[in-house]
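A structural walkthrough
Residues per chain, in single letters:
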Amino acid sequence: MKKKAWTALAVGMVVVVAMTGLVWAGPNGRPSEQDITRRVTIPAGFFIPYEDGLDWHNDGGYIRMDSSVGWFTAPVVFPCLPSVTVESLTLYAWDNNGAKDARLKLFRTRPDQGFEQEMGYIFTGGTTVDVGEFVDSGINFPVVWPSQGVYLWLEIDGPGINVYGAKIEYHRNI
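Everything quoted here is computed from the prediction, not taken from an experiment. (Residues numbered from 1 in each chain as written. Predicted model: local features only at pLDDT ≥ 70, side-chain atom pairs only at ≥ 80, totals over all residues. Heavy atoms only, no water.)

1. Concerning the pairing of strand β8 (residues 115–123)
- The pairing of strand β7 (residues 102–110) with β8 spans eight bridges and is classified as antiparallel. Along β8, the bridge assignment pairs Leu106 with Gly120.
- With antiparallel pairing between neighbouring strands as the criterion, β7 and β8 make up a hairpin whose turn holds four residues, including Gly114 at a positive phi of roughly 60 degrees. (Pairing = 2+ DSSP bridges. Helix = DSSP H or I, 4+ residues; strand = E, 2+ residues; numbered from the N terminus.)

Have a look at this one:
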């Protein structure tokens, strides 16, 4: 009888330790205990003009300026409830205008305080033959809380530049 009680107690302790280990797994734990890198893609069709009167084209697959300079914004929604840490921002663009660029900025806002901070910035910086991938991995203020909103601000300096969209890599803070 005494042996069965000790066996039951030992099994119970193993179960408690195993469950506690899973709950308290830290950042150096096994991959199954950490959150994975996730991605959210913002296609060209999500961008809306910043002001009226721009000479632009957006067929959903890409956005371009037919003349002059144009500014656009797009919302970013992270499909999870906890806070997230943004790891990188990627711009997909074709730049056939050596004198002009496309610029993309990522902002986080605090609507309850009327406040915003620039998190990331990318520009095409030259010409590309095909669609280029431009990446910013040096994200400022990378943590985004549920009380904050995030959006993209896009500037296209002129014709000869097509923007296909953006990708944001992040992980949940669990």
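Back to the text.
2. A look at the sheet that holds strand β2 (residues 48–49)
- The sheet built from five strands is open, its strands ordered β2-β5-β11-β7-β8 with antiparallel pairing. Looking at strand neighbours, the two that pair on one side only are β2 and β8, the edges of this open sheet.
- In this structure, β2 lies alongside strand β5 (residues 70–76), joined through two bridges in antiparallel fashion. Directly across from Ile48, in β5, lies its bridge partner Thr73.

3. Focus: the pattern of salt bridges
- Tallying each qualifying case throughout the model produces ten salt bridges.
- For Arg39, the salt bridge is made with Glu169, and the minimal N-O distance between the two is 2.9 Å. Of this pair, Arg39 sits in strand β1 (residues 38–43) while Glu169 sits in strand β12 (residues 161–172); the two residues are 130 residues apart in sequence, bridging distant segments of the chain.
- A salt bridge links Glu118 to Lys105; its shortest N-O distance comes to 3.6 Å. With Glu118 in strand β8 and Lys105 in strand β7, the pair connects residues that are 13 residues apart, well separated along the chain.
- The partly exposed category is assigned to Glu118, whose relative accessible area is 32%.
- Taking the relative accessible area as the measure of exposure, Lys105 reaches 22% and is therefore partly exposed.
- Each of Asp101, Arg103, Glu155 and Asp157 takes part in one network of salt bridges that share partners. (Salt bridge = Lys/Arg side-chain N within 4 Å of Asp/Glu carboxyl O. Buried < 20%, exposed > 50% of the residue type's maximum accessible area, 1.4 Å probe, protein only.)

4. Things to note about the pairing of β12
- Most of β12 sits out of view: nine of its twelve residues are buried.
- Both β1 and β12 contribute to a ladder of six bridges, which runs antiparallel. Paired with Pro43 across the two strands is Gly165, which belongs to β12.
- Inspection of the sheet shows strand β4 (residues 63–65) paired to β12 by two bridges, in the antiparallel sense. In the strand pairing of β12, Ile63 is matched with Val163.
- Two strands pair when backbone bridges link them, and strand β6 (residues 84–95) and β12 are joined in this way by eleven bridges, in the antiparallel orientation. Paired with Tyr92 across the two strands is Gly165, which belongs to β12.

5. Describing the nonpolar core
- Ranked by size, the top nonpolar core spans 34 residues in total, and within it Phe47, Val76, Phe78, Leu106, Leu152, Val163 and Ile168 carry the most contacts.
- When neighbours within four sequence positions are excluded, Phe47 is seen to be in contact with Ile42, Asn58, Ile63, Phe72, Thr73, Ala74, Leu104, Leu152 and Leu154. (Core = buried A, V, L, I, M, F, W, Y, C linked by side-chain atoms within 4.5 Å. Contact = heavy atoms within 4.5 Å.)

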